[in-house]
Amino acid sequence: MSQTAVAIPDVEIPPIPVAELAPWAGFVFLIAAIVLFFISADQGAVSIPSGNAIHEWVHDGRHLLGFPCH
Ligand SMILES: [Zn+2]
């Protein structure tokens, strides 16, 4: 039985300053809140565009996440 040494390279992960991360975190939160609104509430309790196209597009996601639908 032979053993071979495997060289593991030194990998240094650079730190990300919170001040640089905060605007992106806010942007992702905003997009997530908009998506959550359209999946959960739009054309249910409230409706921004008329019709039920958005409801039909997100209908399976609505059931998957447990939002009341029909
Ligand atoms: Zn449904």
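Residues numbered from 1 in each chain as written. Predicted model: local features only at pLDDT ≥ 70, side-chain atom pairs only at ≥ 80, totals over all residues. Heavy atoms only, no water.

A few words now on the environment of P23. Checked against the element boundaries, P23 lands in helix α1 (residues 18-40). What makes P23 exposed here is its relative accessible area of 53%. P23 sits 15 residues away from I8 along the chain, and the two C-alpha atoms are 35 Å apart. (Helix = DSSP H or I, 4+ residues; strand = E, 2+ residues; numbered from the N terminus. Buried < 20%, exposed > 50% of the residue type's maximum accessible area, 1.4 Å probe, protein only.)

Attention now goes to the packing of aromatic side chains. The relative placement of two aromatic rings is captured by the distance of their centres and the angle of their planes. Scanning all chains against the criterion turns up two aromatic pairs. Ring plane angle 90 degrees and centroid distance 6.3 Å describe the contact between W24 and F27, whose orientation is recorded as edge-to-face. Of this pair, W24 and F27 both sit in helix α1, three residues apart, roughly one helical turn. Take F27: its relative accessible area is 46%, and that puts it in the partly exposed class. Both rings, one in F37 and one in F38, keep their centres 5.3 Å apart while their planes meet at 70 degrees; by these two values the pair is edge-to-face. The partly exposed category is assigned to F37, whose relative accessible area is 25%. The exposure class assigned to F38 is partly exposed, which follows from its relative accessible area of 25%. (Phe/Tyr/Trp six-rings, centres within 6.5 Å; stacked < 30°, edge-to-face > 60°.)

Once that is clear, we can look at the confidence of the model for the chain. This prediction gives the chain a mean pLDDT of 85; 94% of its residues lie at or above 70. When pLDDT is averaged over each helix and strand of the chain, the minimum, 83, is found for helix α2 (residues 53-57) and the maximum, 91, for α1. (pLDDT = per-residue confidence, 0-100.)

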